[in-house]
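One letter stands for each residue in the lines below.
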Amino acid sequence: MSGVIKSDNDNDDGKPRKHPCHCLRRLSRILLKLLAAVLTIYVCILSSERYFMYWVQTTIERTDVHVSEIAFPAITICPTHLAVSNFNGSNRKHIELNNRNRIFNLMADVQWSSRAGDQLTAEDFKDFHNLSMSDIGDSLIHDYKCEDLFLQCMWRRRQVDCCSFFRNFDFGLFCYSFNTMHARNADPTWPWSVADSGFNSGLNVKLNRFVGENRLERLGVIVHEPGQFLGTNVIYSSDDRIVVPLQPIRFTAEPGVKARPVEMRHCYFTDEVMLSGQSRSECIHACHLNYMAKMCKCYFEIPMAVKKRRVQMETPIRLCSVQDLPCFGKHKVSLFSMSNVIEESSDNVFNTTDCKCYPNCNHIEYHASAYTDNFDGMQNMEVDVYFEEETLFSYRSTLYITLLDLMVSYGGIAGLILGTSVIGGITAILDRISCCGQPSSRRD
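Throughout what follows, the structure given in this document is the object of discussion. All values reported here derive from a predicted model rather than from experimental measurement.

So, the state of the cysteines
Now for step 1: Inspection of every chain in the model, using the stated rule, returns seven disulfides.
Now for step 2: A sulfur-sulfur distance of 2.2 Å marks the disulfide that ties Cys146 to Cys163. Looking down the S-S bond of the Cys146 and Cys163 bridge, the torsion is -115°, so its handedness is left-handed. Linking Cys146 in helix H4 (residues 146-149) with Cys163 in helix H5 (residues 162-165), this pair joins segments that are 17 residues apart in sequence.
Now for step 3: Taking relative accessible area as the criterion, Cys146 reaches 9% and is therefore assigned buried.
Now for step 4: Exposure remark for Cys163: the relative accessible area of 27% places this residue in the partly exposed category.
Now for step 5: Across a sulfur-sulfur distance of 2.1 Å, Cys153 and Cys162 are joined as a disulfide pair. Here the S-S torsion is close to 120°, and the disulfide linking Cys153 with Cys162 is therefore right-handed.

A word on a positive patch on the surface
Now for step 1: Together, Arg25, Arg26, Arg29, Lys33 and Arg432 line one region of the surface with positive charge.
Now for step 2: Among the secondary structure elements, Arg29 is positioned in helix H1 (residues 20-52).
Now for step 3: The exposed category is assigned to Arg29, whose relative accessible area is 52%.

What about the side chain of Gln228?
Now for step 1: Along the chain, the position of Gln228 falls in the loop between strand E9 (214-224) and strand E10 (233-237).
Now for step 2: Of the residues examined, Gln228 reaches a relative accessible area of 13% and is grouped as buried.
Now for step 3: Leaving out residues up to four positions away in the same chain, Gln228 has contacts with Thr180, His182, Ser279, Arg280, Ser281 and Met338.

Criteria and cut-off values
- Residues numbered from 1 in each chain as written.
- Predicted model: local features only at pLDDT ≥ 70, side-chain atom pairs only at ≥ 80, totals over all residues.
- Heavy atoms only, no water.
- Disulfide = S-S within 2.5 Å.
- Helix = DSSP H or I, 4+ residues; strand = E, 2+ residues; numbered from the N terminus.
- Buried < 20%, exposed > 50% of the residue type's maximum accessible area, 1.4 Å probe, protein only.
- Patch = residues over 30% accessible without salt bridge, like charges linked within 9 Å, V, L, I, M, F, W, Y side chains within 5 Å.
- Areas by Shrake-Rupley, 256 points an atom, 1.4 Å probe, with all protein chains shown as cover.
- Salt bridge = Lys/Arg side-chain N within 4 Å of Asp/Glu carboxyl O.
- Lys, Arg positive; Asp, Glu negative; His and termini not counted.
- Charge placed at Lys NZ, Arg CZ, Asp CG, Glu CD.
- Contact = heavy atoms within 4.5 Å.

As structure tokens, then:
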């Protein structure tokens, strides 16, 4: 009878004895795997924040976009301050005209948020309380014709007919607009473009200071996008020459940005604007009107450009009249500016109201720097608007990280820390299923 030789590593029952370090190695391996898993989850969360928190980034797309690739801005010109030339206090017609000019000038100071409007009080308007503000601009039409106001117009260094270029545009005050779709009988071929830069390369206009018995003291110039009626730049001057060099910037967005919420991308795509039926100008203007209705307890008549969509007020209130103009001046809200934020700086209250009216994701911003000059004995005013450079910057909004980038990030993190892959994980799961595991050799 043959005996069985026992190994030192065998127990009394013949089974192999476990090495003392085996349990320690197994425990260490489990702890390391848990630590690696926790670290992988943590790094994946950090990577996810880039996807969920930092949605959109805007970078420079091009620095050589030619000005001919964009539209020339719309230009609106408004007589804003009138005085009776050679005023005669004993002339009844002069007195009536002077009173009409006075209320017109007071209203202009308030609406344009000029420095003169800061000192206005209710005492200045006591003689006009029964006058409607909507009638003030219309009363000017009978005395201020296009042919009387414009002397000469140059477009792209060529002389053109001013009154065929400029169209009527009622905006509380009587104005003339060029290259905008919101003017009356707008040219269907607008907006137009230019192919050059520098003086007289865009729009150059000369205006008559003396119309009938009135003298034009101040002029308002609004620079705005052709599709908007509120101005990105509002110039209010009494000088003889107003020079407005423009530095446009183009903004575009890739289609993938549309998947992000508006609050993250801060813009609307064209189909979203059409669906809402409200442009950015209408949104900001409605915000301004609602703010003034809240502060002055009255509703201001909407200009022609937005009468197609009446602003919905929170509660039915009366129409504003001239007696409410001091309240308008107190709260300093310009009815012509594309300002998305309203400053509240009265009665020691310094807050801001954000209208949250976002632009189109594909739009042009026209940044202007106005320069003015005075010339002795000059009987007219001149406005020159042009592009300062032939090229401009173009910015593009893109997704900071796409879903595909996030998946690649997850895979890289898991492969770096855990050393796993999708195929490796599937193989490990199948090996642990009895019917799918590989057959192992048995000892006889």
